[in-house]
Protein chains: 2
Amino acid sequence: MEKPRSAPTLDDVAKMADVSTATVSRCLNSPDRVVEATRKRVLSAVDALGYTPNFAARVMAAKRSFTIGAIIPTMENAIFARGLQSFQEELHQRGYTLLVSSSAYKPEIEEEQIRTLIARGADGLLLIGHDRDPKIYDFLSQRKIPALVAWSYLPDSKLPSIGFDNRAAMFDLASHVIELGHTQIGVISGLVDGNDRARLRVQGIRDAVSGSGLEASNLTLVETSYEIENGAKAFRDLMNADPPPTAILCGNDVLAAGALRQAQEMGLDVPGDVSITGFDDIELARIVSPALTTVHVPHREMGRKAALQLVEMVENQTTGTGEQLATRIVNRPSLGKPASG
Amino acid sequence: MEKPRSAPTLDDVAKMADVSTATVSRCLNSPDRVVEATRKRVLSAVDALGYTPNFAARVMAAKRSFTIGAIIPTMENAIFARGLQSFQEELHQRGYTLLVSSSAYKPEIEEEQIRTLIARGADGLLLIGHDRDPKIYDFLSQRKIPALVAWSYLPDSKLPSIGFDNRAAMFDLASHVIELGHTQIGVISGLVDGNDRARLRVQGIRDAVSGSGLEASNLTLVETSYEIENGAKAFRDLMNADPPPTAILCGNDVLAAGALRQAQEMGLDVPGDVSITGFDDIELARIVSPALTTVHVPHREMGRKAALQLVEMVENQTTGTGEQLATRIVNRPSLGKPASG
DNA sequence: AGTGGATATGTAAGCGCTTGCATTTTGAAT
DNA sequence: ATTCAAAATGCAAGCGCTTACATATCCACT
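Calculation notes
- Throughout, a residue's number is its position along its own chain's written sequence, starting from 1.
- Following the order in which they are written, the chains are lettered starting with A and the ligands numbered starting with 1.
- Restriction of local features to residues with pLDDT of at least 70 applies here, the model being predicted, together with a cutoff of 80 or more for giving and counting side-chain atom pairs; totals for whole chains, interfaces and linings are based on all residues.
- To obtain the side-chain values, all non-hydrogen atoms of the structure were included, while hydrogens and water were left out.
- Here a strand is any run of E in DSSP of at least two residues, a helix any run of H or I of at least four, and the numbering for each starts at the N terminus.
- Our radius of gyration looks at C-alpha atoms and nothing else; its globule reference is 2.2 Å times the residue count to the power 0.38.
- Classification of residues uses two cut-offs on accessible area relative to the type maximum, computed with a 1.4 Å probe and protein chains only: under 20% is buried, over 50% is exposed, and between them is partly exposed.
- The contact criterion used is simple: two residues touch if any of their non-hydrogen atoms lie within 4.5 Å.
- The Shrake-Rupley method, run with a 1.4 Å probe, gives the accessible areas here. Residue values count only the displayed protein chains as cover.
- Proximity is defined per residue: any heavy atom of the residue falling within 4 Å of a molecule or strand makes that residue near it.
- Polar contacts, as counted here, are pairs of nitrogen or oxygen atoms within 3.5 Å of one another; within protein the pair requires one atom able to donate a hydrogen and one able to accept it, and residues that are adjacent in sequence qualify only if both atoms are side-chain atoms.
- Under the convention adopted here, Pro, Cys and the residues Ala, Val, Leu, Ile, Met, Phe, Trp and Tyr are nonpolar, Asp, Glu, Lys and Arg are charged, and Gly plus all remaining residues are polar.
- Put simply, a salt bridge is a Lys or Arg side-chain nitrogen that is within 4 Å of an Asp or Glu carboxyl oxygen.
- Residues reaching a pLDDT of at least 70 in both copies supply the C-alpha atoms on which the copies are superposed by least squares.
- Every helix has an expected span of 1.5 Å times one less than the residues it contains.

*Asks:* Can you walk me through the overall build of chain A in this structure?
*Replies:* For chain A, the count of helices and strands is 13 helices and 12 strands. In terms of C-alpha radius of gyration, chain A reaches 26 Å, well past the compact-globule figure of 20 Å for 341 residues. Taken along its principal axes, the extent of the C-alpha atoms in chain A is 85 × 40 × 30 Å. For chain A, the residues scored as buried account for 52% of the 341 residues in total. A sequence separation of at least 24 residues applies to 71% of the contacts in chain A between residues at least 6 apart. Surface exposure of chain A reaches about 15,100 Å², of which carbon and sulfur atoms provide 50%.

*Asks:* Teacher, can you tell me more about the protein's contact with DNA strand C here?
*Replies:* Neighbouring residues of DNA strand C: 24 residues in total, closest T23 and T38 of chain A together with L10, S25 and Y51 of chain B. Counting only atoms of DNA strand C within 4 Å of the protein, the sugar-phosphate share comes to 60%. Contact distances for DNA strand C include 2.2 Å between a phosphate oxygen and a backbone N or O atom of L10 of chain B. Only helix 2 (21–29) and helix 4 (55–62) of chain A together with helix 2 (21–29) and helix 4 (55–62) of chain B provide two or more residues apiece to the surface near DNA strand C. Tallied by class, residues from the surface near DNA strand C come to 13 nonpolar, 7 polar and 4 charged.

*Asks:* Sorry, what's going on with the pattern of salt bridges here?
*Replies:* A side chain with one charge can pair with a side chain of the opposite charge if their charged atoms come near. All names here are of chain A. Counted under the stated rule, the structure contains 32 salt bridges over all chains. E36 is the partner of K40 in a salt bridge, and the nearest nitrogen-oxygen pair spans 3.9 Å. Taken together, the positions of K40 and E36, both in helix 3 (residues 36–49) and 4 residues apart, correspond to about one turn of that helix. Residue classification places K40 among the exposed residues on the basis of a relative accessible area of 58%.

*Asks:* Sorry if this is basic, but what is going on with the relation of the copies chain B and chain A here?
*Replies:* Comparison of the two chain copies shows a relationship of rotation about an axis with a shift along it. Aligned on chain A, chain B shows an RMSD of 0.2 Å; the corresponding rotation is 180° and the shift along the axis is 0.1 Å. Those values place the two copies in the arrangement expected of a two-fold rotation axis. Ranked by how close their C-alpha atoms come to the rotation axis, the residues of chain B are headed by A56 of chain B, at 2.2 Å. When the interface residues of chain B are mapped onto chain A, 100% of them again fall at the interface, so both copies present the same face.

*Asks:* Sorry if this is basic, but what is going on with helix 13 (residues 299–316) of chain A here?
*Replies:* Given 3.6 residues per helical turn, the α-helix brings residues three or four places apart onto the same face. Residue and element names in this part refer to chain A. In this model, helix 13 (18 residues) spans 26 Å end to end at C-alpha, consistent with the 26 Å of a helix rising 1.5 Å per residue. For helix 13, the complete set of buried residues consists of H299, M302, G303, A306, A307, Q309, L310, V311, M313 and V314. Of the surrounding elements, those touching the buried residues of helix 13 are strand 1 (67–72), helix 5 (81–93), strand 3 (124–128), strand 4 (147–150) and strand 5 (161–163). Taken from the residues just after helix 13, Q317 is the one with a positive phi, measuring 55°.

Below, the structure is given as structure tokens:
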């Protein structure tokens, strides 16, 4: 009686149940094609042996991995967490596994990750945002890999997208801020290079400013990478302007949280001395005090719909239609009227 | 001239470079075993074709995947993010890829994930905490899969572990709180079932309480799952006690943030009316105001060392020694003396 | 009992790669 | 020139699975 030194294989199961490997395979993949008695015998052999199918072998033979890859800019904060969570729940429902990797907001890493995921046999890919080297799109279409963009909706893009209109969302928020009477507006944006979401959000603010008759000089912008400390630093810089802004719009909630902390450290009252807004409505926005006025993004809905659409694309070889989702402004205490008219 | 309908294979490259597939394979895996001229020819064929090795095939043939799997309880908050980040950076350095999945704190999901990762050919596994069904340990050792536990150090465990002494860390913090003069202590713990870290932290508090001559009745405990809202709810419950606690120790920073928010909503001053402490020292602890007194865990060091150790175990078939890391208390404004002596 | 179509199972050919071993080439030393 | 070990390359056998196709078995009707 030798103990198996490594994983039992289909063959071991087949021998034990006294059937062919084909039958064992069918038992596992399409049980109804096997008669009850045989199936029982096979299944009991399976767990007597503790058999687990070898994934690599299966992928290779079936040319199908039931795996979806997703590449997000970062896992360090919660921005993509909730959406990804429901994306993966929905995939799980449909029998797919999600493989996630992060690109640290770097295009070249994203490209490498895409290749890696494909080499690993991903049946489809979820990407964030539209900005990337065109040759990646060529590669994807040449290899016929279904791919979908999330977090940014664009009607005429190379890949179908499920997301929202970043420009319009920020336009609305900025307009709201201006209506409250703010005229000196500060902006803390994420790096716009290769990031259409950041770029479009800034554009939304610009449009709102010029649309409401303010001068470009009423607007001061700092661009920085998405980290709390950078939000704090940018806040310091912005408040050095003369006159200092009375409202600061941040590219996301993380930057806003950093700005808020810095304001407190500088002894400034929010929103009394200065208003601060975020974007995304992640948990953080409600935890800080005062809680952040922000743009609510329907993360869960987005994740779920992206999963459905991507699975549809994979299974029926369709192109995917994309869908625009609505955002809404969430008013919380971090935004108020400017101090003196 | 037909365009390739799917990915080019080793064979395509071999034909184009007019060598055997073996040579191409060697070019890619041990370049020094191939003479320069040939190598050049092969490599240029590789990128003329845009060849990417098929991962499944490679794993199958080599019986080695250069992949490490990690299963963490949750990705929803940042508790494991930083440690995992450095774990993966270190792995990347060493040529390994990290596959992460989360178990949502559910043992049965963790078990499934372990099987999945192994089926996918993971060369080694990182697990969080020691509490789990013994048959999982049997399975792992029978299959000879190197595995390492992090976030909790225990000298005599089935698997080597790299982490800290959860009991001692919390004992120190609780002792410190008691020294400040607090006698009514509230505890918001994570679910202890199947979670040795949560269990040991509570134990540390109990030990500190009884060790300093307080009665068990001075201690009120609420157990709940690790979510912000639950921290808030637990806080409400605890403050209903008579007398209410003057200090509340939370099982982690997330629960503490929830408690803090709730305190503010109830119009209580922290630490004036009640002190609150966390555990982990994630970014959140510094963002909330007042910032949280908490236990600092050397996440990055832990991640890095775990990676080194696990790779060592995988490559040299060693057993792994484990290592205990030191934590330290970080004093921030959320903890103060009780109101009246 | 005999028949035929449906149903269940078996056979075997790959999937794309790595690697032990066999073969050829190389080049230094004779 | 010749020899021969070392270096470079080729050959071919798998790795564990799926699946088209072939074969065997079943059962409802004559």
